[in-house]
Amino acid sequence: MIGLISATAAGAAARDRLAAAWPDRTRAYDGPVKDAVRAAFAECEQLVCFLATGAVVRLIAPLLGEKASDPGVVCVDEGGRFAVSLVGGHAGGANELARAVSGVLGAEPVVTTATDAVGLPGLDTLGFPVEGDVAAVSRALLDGEPVALEAEVSWPLPPLPVAAEGAYTVRVTDRAVEPGEREVVLRPPTLVAGVGASRGAPVEEVLGLVEGALRDAGLSVASLAELATVDAKAEEPGIVEAARRLGVPLVTYAAEELAKVDVPNPSEAPLAAVGTPSVAEAAALVGGGELLVPKRKSAMATCAVGRRPGRGRLAVVGLGPGARDLLTPRAQQELRRASVLVGLDQYVDQIRDLLRPGTRVLESGLGAEEERARTAVAQARKGHAVALIGSGDAGVYAMASPALAEASDDIDVVGVPGVTAALAAGAILGAPLGHDHVSISLSDLHTPWEVIERRVRAAAEADLVVTFYNPRSRGRDWQLPKALAILAGHREPTTPVGVVRNASRPDESSRLTTLAELDVATVDMMTVVTVGNTATRRIAGRMVTPRGYRWQEEAK
């Protein structure tokens, strides 16, 4: 819960805006400010104080305890111009809260945490347990000192400016090792404990068996991702409570699914009881990986431990038409999350300033789409967090298709939508896409012209608004006139046509003409051409395709 405290009418107005945006996440505290802050500090995970930072510092100073447990505190000034992350930037989530508050109120987030200020991810904000000298290693990263990365297990980390050797170390491991001097140990959730139990098995027995298996194998309980068992044991109290005490989810599988897993120690007993020759080992391995601890037994329970493979992550990101304010926040998050960026060189240049230090950039020139897709997938299969970028929306005449054709289910794939050229051009022209419409690429490099021509004819006969991508280049100068001639056989010469070049970019240009008057010599590959249908009109200098609402008919 986020506590909201204000002292003035302006502060209360901003507080109420935030409360309206987050009704289930916030609670307003009234009464004397000192009492309100004290109560919110004790009861909430985070605070937003619509007060001066100096006042808040004095109010919370006596309340501060441990960095790991204190709530994150954000201050918003009287004018609502700034959201300041005051305390608990990382552990309390105040940095992200400041950004979120700014998004709602239209303020500017002020984050002074050293790593955030220079674009480095905090080692204690990566989403899994961290041990060791976080402050010293973070300072070394900030100062540009060589920090070595020792990854004993593969896991998709965000970008870190690390080296092969260094006086400081970031170790990624699920083993139960103590951090050395000048070392941070990151413990990704790689381990799965498969468990089985007889009815009524006490939680102490199940818990002791799991913890003993990890301890004897030299594995860290901090890297335990889940307990796994058969569906028939989904409500077994000892297993359910053991998962709760370990702080991990309990995942269950059908007996038929577990029976398909090849295990070293099958048994007739579980086959007769629940329908699979293995519960513990099969549950530990059902997602793939290696068996680290074979099945071991106690009086009423069984346990096995597997290490699941670190799945790489591929984000296919649409950058929009070019303007920075049309690049979505989600796309920016994915660019900052990726440790490897793959893209066309000119698109990389557009967003290079958004990348975090340590991001490895693999860029190439025009005409290498399939190669970029293969490279991105290969990097994800190595366990990296990869962003593959394309203009507009990555799924529209861009990189998503070749990447997904190359990828299989051994990596995680995320699609990040972007503003397409057709949408950007449509907004500039007016509302040409107000009714049914279609986009057609006139490039015959990958599609035979016969297929393209058939699609243009179908769009013409169906009276669809058409947006032409890749309309004309030096080597392809006849396709656009041919396509326009096909449309002209079904539409009046006065049909509105919109031409937009470099939509949303500094050298953007646009013009509204007609099907008969369009000069194709002014069109190139940086242009999209939108041809209206029989209902499209030019209204007040704008291109509009009405939706045919009844009130429009009555107004005629």
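Analysis parameters
Residues numbered from 1 in each chain as written. Predicted model: local features only at pLDDT ≥ 70, side-chain atom pairs only at ≥ 80, totals over all residues. Heavy atoms only, no water. Helix = DSSP H or I, 4+ residues; strand = E, 2+ residues; numbered from the N terminus. Buried < 20%, exposed > 50% of the residue type's maximum accessible area, 1.4 Å probe, protein only. Contact = heavy atoms within 4.5 Å. Areas by Shrake-Rupley, 256 points an atom, 1.4 Å probe, with all protein chains shown as cover. Lys, Arg positive; Asp, Glu negative; His and termini not counted. Charge placed at Lys NZ, Arg CZ, Asp CG, Glu CD. Salt bridge = Lys/Arg side-chain N within 4 Å of Asp/Glu carboxyl O. Core = buried A, V, L, I, M, F, W, Y, C linked by side-chain atoms within 4.5 Å. Polar contact = N/O pair within 3.5 Å; in protein donor to acceptor, adjacent residues only side chain to side chain. Pairing = 2+ DSSP bridges. Axes fitted to C-alpha atoms, helices over the stretch in contact; angles between N-to-C directions. Expected span 1.5 Å × (residues − 1). Arc of directions from axis to C-beta. Parallel < 35°, antiparallel > 145°, perpendicular 65-115°, else oblique. Left-handed = near helix turned anticlockwise from the far one by under 90°. Nonpolar A, V, L, I, M, F, W, Y, C, P; charged D, E, K, R; others polar.

1. So, the overall build of the protein
So, point 1. Looking only at helices and strands, one finds 19 helices and 28 strands in the protein.
So, point 2. Referenced to the eigenvectors of the C-alpha coordinate spread, the extents of the protein come out at roughly 85 × 65 × 55 Å.
So, point 3. Every one of the 556 residues in the protein was classed for burial, and the buried ones make up 46%.
So, point 4. Taking as baseline every contact in the protein between residues at least 6 positions apart, the subset at least 24 positions apart corresponds to 64%.
So, point 5. Split by element, the accessible area of the protein, about 26,100 Å² in all, is 51% carbon and sulfur.
So, point 6. Looking at the protein, you have 56 positive and 69 negative side-chain charges, and the mean spots of the two groups are 3 Å apart.

2. Observations concerning the pattern of salt bridges
So, point 1. Here the structure, examined in full by the defined rule, presents 26 salt bridges.
So, point 2. The residue Glu150 makes a salt bridge to Arg171 at a minimum N-O spacing of 4.0 Å. Taken together, the positions of Glu150 in strand 8 (residues 147–151) and Arg171 in strand 9 (residues 168–172) put the pair 21 residues apart, joining distant regions of the chain.
So, point 3. For the salt bridge of Arg352 with Asp349, the shortest nitrogen-to-oxygen distance reads 2.7 Å.
So, point 4. Its relative accessible area of 35% is what places Arg352 among the partly exposed residues.
So, point 5. When salt bridges that share partners are traced, they join Glu150, Glu152, Arg171, Arg175 and Glu183 into one network.

3. Concerning unusual backbone geometry
Note: most residues except glycine have negative phi, and most peptide bonds are trans.
So, point 1. With phi around 60°, Asp463 is a residue other than glycine that occupies positive phi space.
So, point 2. Within the element layout of this structure, Asp463 appears in the loop between helix 17 (449–461) and strand 23 (465–469).
So, point 3. A residue is classified by how much of its surface remains accessible, and Asp463, at 26% relative accessible area, is partly exposed.
So, point 4. Even without a glycine there, the phi angle at Asn502 is positive, about 50°.

4. Some remarks on the nonpolar core
One broad rule of soluble globular proteins: the nonpolar side chains tend to lie buried together.
So, point 1. If you look at the biggest cluster of nonpolar residues, it comprises 24 residues, and the most contacted ones within it are Val210, Leu224, Leu227, Leu246, Cys303 and Val305.
So, point 2. At the level of elements, strand 11 (191–197), helix 7 (203–216), strand 12 (224–230), helix 8 (237–246) and strand 15 (301–307) are the ones that each hand at least two residues to this core.
So, point 3. Among the elements that line this core, the one with the most residues is helix 7, at seven residues.
So, point 4. In terms of nonpolar packing, the next biggest core, distinct from the first, is built from 21 residues, Ile440, Leu442, Trp449 and Val529 among them.

5. Thoughts on the side chain of Arg187
So, point 1. Tracing the backbone through its elements, the reader meets Arg187 in the loop between strand 10 (183–186) and strand 11.
So, point 2. A polar atom in the side chain of Arg187 sits 2.5 Å from the backbone oxygen of Arg175.
So, point 3. A polar atom in the side chain of Arg187 sits 3.5 Å from the side chain of Ser220.
So, point 4. With residues up to four places along the chain from it excluded, the contact list for Arg187 reads Phe128, Pro129, Glu131, Thr173, Asp174, Arg175, Ala176, Val177, Ser220, Ala222 and Ser223.

6. As for the sheet that holds strand 26 (residues 527–531)
So, point 1. Read from one edge of the open sheet, five strands run 22-23-26-24-25, paired in mixed fashion. Taken across any chain shown, the strands that pair with only one partner, and hence form the sheet edges, are strand 22 (437–441) and strand 25 (509–514). Neighbour to neighbour, the strand axes of the sheet diverge by 20° on average, direction disregarded.
So, point 2. Bridging between strand 24 (residues 496–501) and strand 26 involves five bridges; their strand directions are antiparallel. Considered in strand 26, the bridge of Gly498 is made with Thr530.
So, point 3. Strands strand 22 and strand 23 of the sheet are contacted by helix 17, whose axis makes an angle of about 160° with strand 22.

7. Regarding the sheet that holds strand 28 (residues 542–544)
So, point 1. In space, the three strands of this open sheet follow the order 21-28-27, with mixed pairing throughout. Two strands in the sheet have a free side with no partner beyond their single neighbour: strand 21 (430–431) and strand 27 (537–539).
So, point 2. As paired elements, strand 27 and strand 28 share three bridges and run antiparallel to each other. Within the sheet, the bridge partner assigned to Ile539 lies in strand 28 and is Arg542.

8. Considerations on helix 1 (residues 9–21)
So, point 1. Under the 1.5 Å per step criterion, the end-to-end length of helix 1 is 19 Å for 13 residues, consistent within 8% with the ideal 18 Å.
So, point 2. Among the residues making up helix 1, those that are buried are Gly11, Ala12, Ala14, Arg15 and Leu18. The buried residues of helix 1 occupy an angular sector of 165° when the element is viewed end-on, so they sit on one face. Turned more than 90 degrees from where helix 1 packs its buried face, Ala9 and Ala20 sit exposed.

9. So, the packing of helix 17 against helix 18 (residues 479–488)
So, point 1. Close contact between helix 17 and helix 18 brings their axes to 9 Å; oriented N to C, the two are set at 30°. Our classification of the angle between helix 17 and helix 18 gives roughly parallel. Along this stretch, helix 17 crosses helix 18, giving a crossing that reads as right-handed. For the pair helix 17 and helix 18, the contacting residues are Trp449, Glu453, Val456, Arg457 and Ala460 in the first and Gln479, Lys482, Ala483, Ile486 and Leu487 in the second.
So, point 2. Looking at the contact of helix 17 with helix 18 residue by residue, the class counts come to six nonpolar, one polar and three charged.

10. Comments concerning helix 6 (residues 134–143)
So, point 1. Of the residues making up helix 6, those classed as buried are Val134, Ala136, Val137, Ser138, Ala140 and Leu141.
So, point 2. Immediately beyond the C-terminal end of helix 6, within one or two residues, lies Gly144, with a positive phi of roughly 75°.

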